[in-house]
Amino acid sequence: CAMDWQVLTRELSLYLESQVRVGLFGSGVGLSLVLGFGVAYACYYLSSIAKKPQLVASNDRFCRFLEEYCPVVTETYYPTIWCWEGRVQTLLRPFITSRPQVQYRNELIKTADGGQISLDWFDNNDSLYYPDASTRPTVLLLPGLTGTSKESYILHMIHQSETLGYRCVVFNNRGIAGEDLLTPRTYCAANTEDLEAVIHHVHSLHPSAPFMAAGVSMGGMLLLNYLGKTGRDTPLMAAAIFSAGWNVFESVESLEKPLNWLLFNYYLTTCLQSSISRHRQMLEKLFDMDLVMKARTVREFDKQFTSVMFGYRTIDDYYEDASPCRKLKSVGIPVLCLNSVDDVFSPGHAIPVETAKQNANVALVLTSCGGHIGFLEGIWPRKCTYMDRVFKQFVQAMFEHGNKIFSM
């Protein structure tokens, strides 16, 4: 590949020289400049942007398993050539990627405190590979902070699972997916009670079906905190984590930088406020909602609302408990975590590389570009992202070949 680019560069250089001879004011000069810029940009892209991800894993058998059955994590990632910067990928992904059609079956389950949780099921009853519903592999999907089963990245995960014959169920956090709040309680990244209830419920419905989970952004943080708490005592056989915020202190500090506040923080804060405004009458029983609605950053919202709701003495106590980096060493099942080091929601320096090396069950895949839930690739990245390919290959690897991890 390197030789091909050397030949191409040499041929283009010769062509540029011939074009310059057309004359300073001739049309050849403009074409030469365009081609010259194109060659320079291509060389920069191939040398500095398109890179193989860093695979961090202390378990050689886990590494060999991934190399054989999930090879995408060892291949060069070619970000969209006109859209590779992290912030741009993050901003454009929701508008560029398609939204596959998915027909859900909704289920509301009750919680111990009198609340309810909305689950959206994609049963995949037409599965050719697993016609027996009792043994059809099941993937539990956890969306991001204000996300639901309608998010494009969730729809793409379901589409990938459908082609493999798997069943999916989406865990919508309380009060997010249109259902009413029956108690003055929503959700947070640290409290895993609702997730535990959902996992127990899904497993009880299909106890003979292989069972995995995948979490995105805050959904990934919640899933990691659950796995750190339960260790091996979980019906999940494996998990995939995408764009998790590993250290909440570092995440909010990054998001409070002027440009990031303008592009992401303020909008995310308004989304959080919008998600609870419909339940204002219920929440006013415990909170000063006027004060909550005045928040202009995620940190202010968490200080006035989230940390108070879940009984933390200070917001720092909540952020410490919500940070998955503190629990990673206790994870007891195979987990693959994909992050981009240019993600402003989860800065590269805050990714717990050394901690991951101390747990044989954990593998990190770190790309140099990709942003937050971006990972766009191809000239027009509408149908599939690098994240989608990692999800598909890892889920299939675990369901089809997971028993080989510890025998390789």
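Residues numbered from 1 in each chain as written. Predicted model: local features only at pLDDT ≥ 70, side-chain atom pairs only at ≥ 80, totals over all residues. Heavy atoms only, no water.

- In the annotation of an unreviewed UniProt entry, the entry for the protein reads Phospholipase ABHD3, and the organism field reads Nycticryphes semicollaris.
- UniProt, in the comment section headed Subcellular location (unreviewed entry), describes the protein in these words: "Membrane".
- Under the heading Sequence similarities (unreviewed entry), UniProt records this for the protein: "Belongs to the AB hydrolase superfamily. AB hydrolase 4 family." (UniProt positions renumbered as here; feature names shortened; annotations may be inferred.)

Quick notes on the domain arrangement of the protein
Line of reasoning, step 1. According to the domain assignment, the protein consists of domain 1 (49–246 + 323–401) and domain 2 (247–321).
Line of reasoning, step 2. Contacts between domain 1 and domain 2 engage 35 residues on the former and 30 residues on the latter.
Line of reasoning, step 3. Together, the buried faces of domain 1 and domain 2 total about 2600 Å²; carbon and sulfur atoms form 65% of this surface.
Line of reasoning, step 4. Summed over the three residues of domain 1 that lose the most area to domain 2, namely Pro-184, Ser-323 and Phe-345, the buried surface amounts to 22% of that side.
Line of reasoning, step 5. Applying the counting criterion to the domain 1 and domain 2 interface returns 3 salt bridges.
Line of reasoning, step 6. With its nearest N and O atoms 3.5 Å apart, the salt bridge here joins Arg-278 to Asp-180.
Line of reasoning, step 7. Counting across the domain 1 and domain 2 interface gives 14 residue pairs in polar contact (both at pLDDT 80 or more).
Line of reasoning, step 8. At the level of secondary structure, the elements contributing two or more residues to the side of domain 1 that touches domain 2 comprise α4 (86–96) and α7 (218–230).
Line of reasoning, step 9. Considering only residue class, the side of domain 1 that touches domain 2 consists of 17 nonpolar, 12 polar and 6 charged. (Domains from an automatic or database assignment. Contact = heavy atoms within 4.5 Å. Buried area = accessible area lost by both parts, 1.4 Å probe. Salt bridge = Lys/Arg side-chain N within 4 Å of Asp/Glu carboxyl O. Polar contact = N/O pair within 3.5 Å; in protein donor to acceptor, adjacent residues only side chain to side chain. Helix = DSSP H or I, 4+ residues; strand = E, 2+ residues; numbered from the N terminus. Nonpolar A, V, L, I, M, F, W, Y, C, P; charged D, E, K, R; others polar.)

Side note on the pattern of salt bridges
Any two side chains of opposite charge can pair, on the condition that their charged atoms come close.
Line of reasoning, step 1. Evaluation of the coordinates by the stated rule reveals 17 salt bridges.
Line of reasoning, step 2. Close ionic contact of Glu-354 with Lys-357 constitutes a salt bridge, the shortest N to O distance being 3.5 Å.
Line of reasoning, step 3. A relative accessible area of 41% places Lys-357 in the partly exposed class.
Line of reasoning, step 4. A network of salt bridges, in which partner residues are shared, links Asp-113, Arg-174, Arg-185, Glu-193 and Asp-194. (Buried < 20%, exposed > 50% of the residue type's maximum accessible area, 1.4 Å probe, protein only.)

Here we look at the packing of aromatic side chains
Line of reasoning, step 1. Tallying each qualifying case throughout the model produces 15 aromatic pairs.
Line of reasoning, step 2. Here the aromatic rings of Phe-264 and Phe-345 are separated by 5.4 Å at their centres, their planes lie at 65°, and the arrangement is edge-to-face. Of this pair, Phe-264 sits in helix α9 (residues 258–277) while Phe-345 sits in the loop between β8 (335–340) and α14 (353–356), and the two are 81 residues apart along the sequence.
Line of reasoning, step 3. Summarising the aromatic geometry, the rings of Phe-375 and Tyr-386 are spaced 6.4 Å apart at their centres and angled 35° between planes, so their arrangement reads as tilted. Residue Phe-375 is located in the loop between β9 (362–367) and α15 (386–401), and its partner Tyr-386 is located in helix α15; the two are separated by 11 residues in the primary sequence. There is no split in this pair, since Phe-375 and Tyr-386 are both buried.
Line of reasoning, step 4. Linked through ring pairs, Phe-249, Tyr-312, Tyr-318 and Tyr-319 together constitute an aromatic cluster. (Phe/Tyr/Trp six-rings, centres within 6.5 Å; stacked < 30°, edge-to-face > 60°.)

What about helix α12 (residues 298–309)?
Line of reasoning, step 1. Along α12, the residues that are buried comprise Val-298, Phe-301, Asp-302, Phe-305, Thr-306, Ser-307 and Met-309.
Line of reasoning, step 2. For α12, the elements touching its buried residues are α9, α10 (280–283), α11 (289–292) and α13 (315–322).

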